[in-house]
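# Residue-level structural notes
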Amino acid sequence: MHTELGVVHTKIERPDPAAVAALSAFGSATVHEAMGRTGLTRPYLRPVYPSARLCGPAVTVLLQPGDNWMLHVAAEQVRPGDVVVAACTTESEDGFFGELLATSFRSRGCAGLVIDGGVRDVADLAAMDFPVFSRAVNARGTVKATLGSVNVPVVCANAPVRPGDVVLADADGVVVVPRERVAQVAEASARREENEAGKRERLRSGELGLDMYAMRGPLAELGLRYED
Ligand SMILES: O=C([O-])CC(=O)C(=O)O
Ligand SMILES: [Mg+2]
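Residues numbered from 1 in each chain as written. Chains lettered and ligands numbered in written order. Predicted model: local features only at pLDDT ≥ 70, side-chain atom pairs only at ≥ 80, totals over all residues. Heavy atoms only, no water.

If you look the chain up in an unreviewed UniProt entry, it shows as Putative 4-hydroxy-4-methyl-2-oxoglutarate aldolase from Kitasatospora setae. UniProt lists a comment for the chain under the heading Function (unreviewed entry), and it reads "Catalyzes the aldol cleavage of 4-hydroxy-4-methyl-2-oxoglutarate (HMG) into 2 molecules of pyruvate. Also contains a secondary oxaloacetate (OAA) decarboxylase activity due to the common pyruvate enolate transition state formed following C-C bond cleavage in the retro-aldol and decarboxylation reactions." (UniProt positions renumbered as here; feature names shortened; annotations may be inferred.)

This is the structure:
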């Protein structure tokens, strides 16, 4: 998938903003479960401050290792509410992004960054409350010397992402929802939360998972013994 270099696609398909807003109410674990346990990136992508969370259509970026040129190119393609999702042609943990680029992204209405690479200035990013999910925090600087691409399909930390797919990230992880499925996944997430609310009430009142999930029979069948 990482083949198309030197191109910027300026027209991308974004999902219905109302569906994106509906999806944004849910956590990454709920959304992942509601998608049939799919869509997650590898868990090494972590928020640079604990309360960071984001949800929005992806402007995708393919970077070359140690080169952040294409992030500046991507800034121009951002529409309000978009999330920039950056992958790299080769693993690279250099500090591609910091508070200056965050200032630029924010001025375009960017909702945050997910990057399979390093970032820096994380104290400033936290103070700005600009949500960033990265594989590393690294002061090491980058250059502007080689072409990548903007708005091409990428694979970010193992997850395929097309421009306009919705990326949702919080302290539990980063999940990618195909742009055609956003409304359906939001509905499935709501149903899942209603179901969990019922279970939470029963657990709070002291009922055991053993009974709520009818586990005693299957455990006995497998030969679980209780001994004094
Ligand atoms: O300038 C850079 O290359 C990355 C950075 O630290 C910033 O955006 O503030
Ligand atoms: Mg900086």
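Next comes the rest of the description.
Let us now look at the site of ligand 1. Near ligand 1 the following residues occur: Asn68, Gly98, Glu99, Leu100, Leu101, Arg120 and Asp121. Isolated, ligand 1 exposes 260 Å² of accessible area, and the fraction of that covered by the protein chains is 87%. At a threshold of 2 Å from the grid points, most atoms of ligand 1 map onto the largest pocket. Tallied by class, the residues present in the shell around ligand 1 amount to two nonpolar, two polar and three charged. (Near = heavy atom within 4 Å. Areas by Shrake-Rupley, 256 points an atom, 1.4 Å probe, with all protein chains shown as cover. 1 Å grid on protein atoms, 1.4 Å probe; cavity = no way out; pocket = protein on both sides within 12 Å on 5 of 7 lines; lining within 4 Å. Sits in = over half its atoms within 2 Å of the grid points. Nonpolar A, V, L, I, M, F, W, Y, C, P; charged D, E, K, R; others polar.)

This brings us to helix H6 (residues 182-204). The first and last C-alpha atoms of H6 sit 32 Å apart over 23 residues, in line with the 33 Å expected at 1.5 Å per residue. Those residues of H6 lying buried are Val182, Val185, Ala186, Ala188 and Ser189. Lining the buried residues of H6 we find helix H1 (17-23), helix H2 (28-34), strand S10 (166-170) and strand S11 (173-177). Count one or two residues on from H6 and you reach Gly206, which has phi positive near 105°. (Helix = DSSP H or I, 4+ residues; strand = E, 2+ residues; numbered from the N terminus. Expected span 1.5 Å × (residues − 1). Buried < 20%, exposed > 50% of the residue type's maximum accessible area, 1.4 Å probe, protein only. Contact = heavy atoms within 4.5 Å.)

Take the UniProt feature "binding site: Mg(2+)" (unreviewed entry) in the chain next. In the numbering adopted here, UniProt assigns the feature "binding site: Mg(2+)" (unreviewed entry) to Asp121. Position of Asp121 among the secondary structure elements: in the loop between strand S5 (112-119) and helix H5 (122-128). With a relative accessible area of 32%, Asp121 lands in the partly exposed category. Not counting residues up to four positions away in its chain, the partners in contact with Asp121 are Gly98 and Glu99. One polar contact links the side chain of Asp121 to the main-chain amide nitrogen of Glu99, over a distance of 2.9 Å. (Polar contact = N/O pair within 3.5 Å; in protein donor to acceptor, adjacent residues only side chain to side chain.)

Before going further, it helps to examine the layout of surface pockets. Of the voids in this model, the largest pocket is the one considered here, and its volume is about 160 Å³. Looking at the largest pocket, it is lined by 13 residues, and the ones nearest its centre are Asn68, Gly98, Leu100, Arg120 and Asp121. Breaking the lining of the largest pocket down by element, the ones donating at least two residues are strand S4 (95-97) and helix H4 (99-107). Residues belonging to the lining of the largest pocket are distributed by class as follows: four nonpolar, five polar and four charged. (Points joined across faces, edges and corners; volume = space filled by probe spheres on them.)

Moving on, we get to the UniProt feature "binding site: substrate" (unreviewed entry) in the chain. In the UniProt entry, the feature "binding site: substrate" (unreviewed entry) is given for Gly98, Glu99, Leu100, Leu101 and Arg120. Maximum C-alpha separation among the annotated residues is 10.5 Å over a sequence range of 23 residues, consistent with a single clustered spot. Of the annotated set, the members that line the largest pocket are Gly98, Glu99, Leu100, Leu101 and Arg120. Mapped onto the fold, Leu101 is located in helix H4. Its place among the elements puts Arg120 in the loop between S5 and H5. Residues contacting Arg120, with those up to four places away along its chain left out, are Gly95, Phe97, Gly98, Glu99, Leu125, Asn138, Ala139, Arg140 and Gly141.

Below, the discussion takes up the side chain of Thr30. Looking at where Thr30 falls in the secondary structure, it is placed in helix H2. Look past the residues within four positions of Thr30 in its chain and what remains in contact with it is Ser189, Arg192 and Glu193.

We now examine the packing of aromatic side chains. Applying the stated rule across the entire model yields two aromatic pairs. Ring geometry for Phe97 versus Phe105: centroids 5.3 Å apart, planes at 55°, classification tilted. Across the pair, Phe105 and Phe97 agree in class, each one buried. These aromatic residues form a ring-pair network of at least three members: Phe97, Phe105 and Phe130. Sitting over the face of the ring of Tyr44, Arg135 holds its NZ or CZ atom 4.5 Å from the ring centroid. (Phe/Tyr/Trp six-rings, centres within 6.5 Å; stacked < 30°, edge-to-face > 60°. Lys NZ or Arg CZ within 6 Å of the ring centre and 35° of its normal.)

Membership of the largest hydrophobic core comes to 47 residues, with the highest contact counts inside it found for Leu63, Leu71, Phe97, Phe105, Leu113, Val114 and Val167. Filtering out sequence-adjacent residues up to four positions away, Val167 remains in contact with Leu54, Cys55, Gly56, Ala58, Val83, Val85, Val114, Val161, Val174, Val175 and Val176. Counting residues in each nonpolar core, the second largest holds 14 residues, with Met35, Val175, Val182 and Ala186 among its members. (Core = buried A, V, L, I, M, F, W, Y, C linked by side-chain atoms within 4.5 Å.)

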